[in-house]
Each structure stands twice: as C-alpha cells, then as structure tokens.
There are 2 protein chains.
Amino acid sequence: MTTPRTARALARETLTREILDAARARLGTEGPAGLSLRAVARDVGMVSSAVYRYFPSRDALLTALLLETYGELGDAVEAAEGAVARDDLGGRWLAACRALRAWCVEHPGDFALLYGTPVPGYAAPRDTVEPATRVVRVLVRIVGDAHAAGARPAPGPDGVAEPADLVADALAFVVAHGLVAPDAPTEAVVRTLMAWTELFGTVSFELFGHLTGTVGDYARWFDHVAARLAADLGIAVRL
Amino acid sequence: MTTPRTARALARETLTREILDAARARLGTEGPAGLSLRAVARDVGMVSSAVYRYFPSRDALLTALLLETYGELGDAVEAAEGAVARDDLGGRWLAACRALRAWCVEHPGDFALLYGTPVPGYAAPRDTVEPATRVVRVLVRIVGDAHAAGARPAPGPDGVAEPADLVADALAFVVAHGLVAPDAPTEAVVRTLMAWTELFGTVSFELFGHLTGTVGDYARWFDHVAARLAADLGIAVRL
DNA sequence: CAAAACCGAGAGCGGTGCTCTCGCTTCGCC
DNA sequence: GGCGAAGCGAGAGCACCGCTCTCGGTTTTG
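Conventions adopted
- Residues numbered from 1 in each chain as written.
- Chains lettered and ligands numbered in written order.
- Predicted model: local features only at pLDDT ≥ 70, side-chain atom pairs only at ≥ 80, totals over all residues.
- Heavy atoms only, no water.
- Helix = DSSP H or I, 4+ residues; strand = E, 2+ residues; numbered from the N terminus.
- Buried < 20%, exposed > 50% of the residue type's maximum accessible area, 1.4 Å probe, protein only.
- Contact = heavy atoms within 4.5 Å.
- Salt bridge = Lys/Arg side-chain N within 4 Å of Asp/Glu carboxyl O.
- Polar contact = N/O pair within 3.5 Å; in protein donor to acceptor, adjacent residues only side chain to side chain.
- Nonpolar A, V, L, I, M, F, W, Y, C, P; charged D, E, K, R; others polar.
- Near = heavy atom within 4 Å.
- Domains from an automatic or database assignment.
- Buried area = accessible area lost by both parts, 1.4 Å probe.
- Axes fitted to C-alpha atoms, helices over the stretch in contact; angles between N-to-C directions.
- Parallel < 35°, antiparallel > 145°, perpendicular 65-115°, else oblique.
- Least-squares fit on C-alpha atoms with pLDDT ≥ 70 in both.
- 1 Å grid on protein atoms, 1.4 Å probe; cavity = no way out; pocket = protein on both sides within 12 Å on 5 of 7 lines; lining within 4 Å.
- Points joined across faces, edges and corners; volume = space filled by probe spheres on them.

Caption draft 1: Looking closely at the overall build of chain A. Looking only at helices and strands, chain A has 11 helices and 0 strands in total. Of the regular secondary structure in chain A, the N- to C-terminal order runs α-α-α-α-α-α-α-α-α-α-α. In terms of overall dimensions, chain A has C-alpha extents of about 65 × 45 × 35 Å along its principal axes. The 239 residues of chain A split such that 53% are buried. Across chain A, contacts joining residues at least 24 apart in sequence account for 73% of those joining residues at least 6 apart.

Here it is, written out as structure tokens:
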C-alpha cells in the first residue's frame, strides 16, 4: 500500500476517493440497483470508460463500497459501545443497538447495499466477511462479558437449552472467526445470533416500509425490541 | 371483471397470464432488479412494445406481480395453519411459521420482490397493503386465540408491559385493518408484530446469505426461532 | 357493413455496462 | 537528459434496457 508519492499516484488516490464518494452519494438517492457507473463518471467529470482505469468492473466498485460501508457501520457501533462503562452491560447493549439503527437510518442506501437484496450476478469476495462480522462481534462480546458477570439467558422454549448440535453449528463459525473464546457460553452465543437477526430484521422492516402505518415512533419501537432481546439474554436494560 | 368471452378477451387473458408467468420465472433467476421487460417479452414470443398492451409500464407489471405473490404466500400460510386442529395453538403457530419459510425458500425471487430492497422509483399502491398483511393476520389470530385460552406473554424487559402508547401505535393499524378485535390483548399484539419481523428477518438473513457458514441446518434454526417466539407469547411449541 | 377499438411489429429515443483504440502525459531507468 | 514503458482520458462502438410512437392488420361493436 506504500505506493510512491508521485504526482500520478497522488492523483489516482484522490480520484479513486472521488469516485467512491460519488458512488456512495448516488447509492443514497438511487439505491444499489440503480447505481449507474456512467452517472458516477459524470458526477466526477469523467467519461464512463475512464472509471475502468480505477475499478476494473462495476462489481469491483461494489466490493470497494461494501468494504468501506461495512467498515463505517462497524466503526459507528464499536465507538458507541466503547464509550460506555465496561460494567454497564445494559448500557453497552443499548448503545450498540441504537448506534446500529442510527447508522442504518442515516444511510438507507448503504443499508440496502449491505442487507438488502443481493445484486444478482454478484458474489461478495471472502475479504468482505470479516468487516461484515464486526457488529455481531460487538454483540457477542457484550453477552460474553455479561455471562462472565453471572448473567444467564432465559430458559429455552421447552425449558431446556437449545440442542447441542444446533449450538455447535452456529458456534463453529463464531469461534473460527475469533469472535469469541472457545469456552464461550454456547447457548448465549446462539441467542445473540438470533438477536442480531431480529435487530436487522426490525431495521429492514422499518426502512423497507413494512411497518408504515403500524409503528409510529420507530426509535422507541426499536428500543423496545433491543430491550426485550437483552432481557432474553439476561441483560437488564433501562430505557 | 366479467368481460365478454370474445376471442380477443380470451386471448388477452391467456397472454396476460403468460407474461406474468414468464416474469415470475425470470424473477426467480435474475431477481427483481434484473427483471427485464424485454426479456419477458422474448420469453413469450413478443416484441417488447407489445407487452405494453397488457401492462402500461414496468411498474404496473411489478404491482401485478406483488399482488399475485403476496396472495400466494398468504394462501400457503393460511392453508398450512388451517389444517391444524383449532385447539392446538402451538401446532398452528409452528405450521404457519414453517409454511412461511418454506414458501420463501422455494420462491427466493418472489421473496426478494416482497421483502427485499424496494425498487427505487416504485411505490406500491394502496391495494397491495391488504394482501401484504395476510401472514401477520394469521399470526395475530393464533395469538388472539391463545390469549382467549389463557396464554399470557412473558413479562416485558423490566417486568412490566410495553408502554401503553407504543401499544396504541401498533394497535391502531391492526384494528383499522380488521386484523384483530378492538378488545384484543394489546401487549400480545405488539409482541406478535415483533415476532413477525423476526421471522422474516431470519428468512432474509438466510436467503441473502448473512448466515452462510454460521448456521448449518436452516430449517432447524428457523424452527428454534419460531419456538422461542411462541414461548415468549405464552404458546408452547413441541419441535 | 362500416366505424371503432384493439393488437403486434418495427423504428427510434436516451439510457446502461463494458471493450477497444487512439493520442497524450508521466514515470522509471540508463 | 533522453527514451521506452506504463498509465491515463476521451471517444466510438456493441448489445442491452424502459418506453413512445407510428403503421398495417384483425376483431369487435353498433
């Protein structure tokens, strides 16, 4: 990455940035499906073919956007959660959840790119997996700390824990990615993954309009969802 | 709708069907974003402009697809739930949830149309709202019956019910659409809406690839989510 | 049986992703 | 300093897209 600071390299850097910024701006207004490389080129004052000097294809541009966007969301959630006292587990959980929703609501286009319908022909490369797991990693860490502090999830549907092999399925990935220590409370991890999907499901329903008319105050609605999930994990949240 | 059965009207009917079928077939392979009216026209052996005799715009075709698809999902869920003994509340809940997921997994393209990123310029007309509520209506009905049978949702995060005005927000819509009787258990209704979002959030994460590597057996994972949600609503589910 | 309505085909508009070629500028190296 | 190589932006062109309009031919209607 330490390219020589020649005039050309410098220009390339700034132009790459300009293209990415223009693309993200368009993403906010048109959505991922309508992301037009030609329009982006026009926005930065180029002809469309010139953009291909910087991104070999539309998919490559998409990948760069994915990486950048996952990173930004991860930053936001980690920063919000990190600003809360370590022993305030409910506060950390709520801060992480609220930061998550806030970012998504402020960047609906980016949210659609990350959590909406996948672009048909496009498969996200491997190196997007790590940035994509940052949010859930924060959640798992909070729950892990809570477990260490004695918190226990509510009993399962029939009063017993989730089956061991279901837990193993989910846990294998989490441990493999270093999200959590191998001796983590397995059931809590599974519940956290379920909570993660509910959080994003709620945001998805909000942003995609499936709750219009049903819910008045989305922020409060989301807070209650987050609080319920926390309670289910044995973490007390004061709204 | 009782158009005279002239040769022309008959031909129009079958051709409209053929176009819709071709569009849904393409939806399954390309996804909603890549739905090309020209390609659909080719599939039914027409030139693209001829399709406009049947649907005045791509959006109109989209609306027709929405109506049909919501209807099909509603049919599937209602049929599955209706086949279970009325007093077997856990069975009804599980049947509805499983039918919901099964349909989505079998029709990923249609699912993306209904619950994925909204098409940028397109706003679904009013008459898609009613068909869109059929699934949640089934869920609310089960929970209502459970309430009548004495089931009570688990206590809220801090041991108290959800705030009354949050409940009122959500309930207003539900009652306005005749989803539930005005004297319904308000808190249970709110919880049901939350459960509804989690069910579709789980399917969304499954189909959009956010759980790849994390969850091995999606069906069992989903069953556990459904069972947990039921337990939270005071409904016992045997897996 | 004629007028009106409907229908399919085709051309055409401006847009898209992407490829290739063509000059020009900048770079690295001797 | 000079020179070949590499990088760059512009433009033309390909096949595709949604959509409009016109033009003959068919069917329906009064």
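Still more to cover.
Caption draft 2: Structural view of the interface of chain A and chain B. If you look at the interface, chain A gives 49 residues, while chain B gives 49 residues. D232 of chain B is the salt-bridge partner of R228 of chain A, the closest N and O atoms lying 2.6 Å from each other. Inspection of the region where chain A meets chain B yields 5 residue pairs in polar contact (both at pLDDT 80 or more). At the level of secondary structure, the elements contributing two or more residues to the side of chain A that touches chain B comprise α6 (108–115), α9 (164–176), α10 (186–207) and α11 (218–232) of chain A. A total of 11 residues in the side of chain A that touches chain B trace back to one element, the largest contributor, which is α10 of chain A. The residue makeup of the side of chain A that touches chain B, split by class, is 27 nonpolar, 12 polar and 10 charged.

Caption draft 3: Structural detail: the protein's contact with DNA strand C. Looking at DNA strand C, there are 25 residues lining it, with A7, L37 and R38 of chain A together with S49 and R53 of chain B nearest. Backbone atoms, meaning sugar and phosphate, make up 47% of the atoms of DNA strand C lying within 4 Å of the protein. Within the side chain of S49 of chain B, an N or O atom sits 2.7 Å from a base oxygen of DNA strand C. If you list the elements that add at least two residues to the surface near DNA strand C, you get α1 (7–30), α2 (37–43) and α3 (48–51) of chain A together with α1 (7–30) and α3 (48–51) of chain B. It is α2 of chain A that provides the largest number of residues to the surface near DNA strand C, a total of 4 residues. Looking at the surface near DNA strand C residue by residue, the class counts come to 10 nonpolar, 6 polar and 9 charged.

Caption draft 4: Representation of the environment of F200 of chain A. One can find F200 of chain A in helix α10. Considering only alpha carbons, one finds F200 of chain A and R101 of chain A, 99 residues apart in sequence, at a separation of 8.1 Å. Contacts of F200 of chain A, omitting those with residues within four sequence positions, involve L73, L100, C104, F111, Y115 and V135 of chain A together with F205 of chain B.

Caption draft 5: How the structure looks around the side chain of T214 of chain B. Position of T214 of chain B relative to the elements: it lies in the loop between α10 (186–207) and α11 (218–232). You can call T214 of chain B buried: its relative accessible area is 3%. Setting aside residues up to four positions removed in sequence, T214 of chain B forms contacts with D169, A170, F173 and L193 of chain A.

Caption draft 6: Molecular detail of the domain arrangement of chain A. Residue and element names in this part refer to chain A. Here chain A is described as being made up of domain 1 (1–55) and domain 2 (66–232). Summarising the inter-unit geometry, the C-alpha centres of domain 1 and domain 2 are found 31 Å apart. The interface is formed by 6 residues belonging to domain 1 together with 9 residues belonging to domain 2. Between domain 1 and domain 2, the buried area comes to about 600 Å², and carbon and sulfur atoms account for 47% of it.

Caption draft 7: Layout of the packing of helix α4 (residues 58–82) of chain B against helix α8 (residues 134–148) of chain B. All names here are of chain B. Orientation of α4 relative to α8, taken along the N-to-C sense of each, is 25°, at an axis distance of 8 Å. Compared by their axis directions, α4 and α8 come out roughly parallel. Every residue of α8 that contacts α4 at G71, L73, G74, D75, V77, E78 and E81 is listed here: R134, V135, V138 and I142. A per-class count over the contact of α4 with α8 returns 5 nonpolar, 2 polar and 4 charged.

Caption draft 8: Representation of the protein's contact with DNA strand D within the structure. In the vicinity of DNA strand D lie 25 residues, with S49 and R53 of chain A together with R8, L37 and R38 of chain B positioned nearest. Close to the protein, within 4 Å, the atoms of DNA strand D are drawn from sugar and phosphate at a rate of 48%. Side-chain polar atom of R53 of chain A to a base oxygen of DNA strand D: 2.4 Å apart, as the coordinates give it. In the environment of DNA strand D, a phosphate oxygen lies 2.3 Å from a nitrogen or oxygen atom belonging to the backbone of L37 of chain B. If you list the elements that add at least two residues to the surface near DNA strand D, you get α1 and α3 of chain A together with α1, α2 (37–43) and α3 of chain B. Ranked by residues supplied to the surface near DNA strand D, first place goes to α2 of chain B with 4 residues. Residue classes in the surface near DNA strand D are distributed as 10 nonpolar, 6 polar and 9 charged.

Caption draft 9: Geometry of the pattern of salt bridges. Residues and elements named next belong to chain A. Evaluated as defined, the whole model comprises 35 salt bridges over all chains. Its salt-bridge partner being R24, residue D110 comes within 2.5 Å of it at the nearest N-O pair. Taken together, the positions of D110 in helix α6 and R24 in helix α1 put the pair 86 residues apart, joining distant regions of the chain. Assigned by exposure class, D110 and R24 land together as buried. Through salt bridges with shared partners, a single ionic network connects R17, D21, R24, E68, E72 and D110.

Caption draft 10: Region of interest: the relation of the copies chain A and chain B. Under the fitted operation, chain A is carried onto chain B by 0.0 Å of movement along the axis and a turn of 180°, and the coordinates agree to an RMSD of 0.0 Å. Here the symmetry operator amounts to a two-fold rotation axis. Taking the C-alpha atom as reference, chain A places G201 of chain A closest to the rotation axis, 2.0 Å from it.

Caption draft 11: Structural detail: empty space enclosed by the protein. On inspection of all chains with the given rule, the structure shows 3 cavities of 30 Å³ or more. Computed from the structure, the largest cavity encloses a volume of approximately 290 Å³. In terms of lining residues, the largest cavity is bounded by 18 residues, among which E198 and L229 of chain A together with E198, L229 and D232 of chain B are the most central. Where the lining of the largest cavity is concerned, the elements lending two or more residues are α10 and α11 of chain A together with α10 and α11 of chain B.

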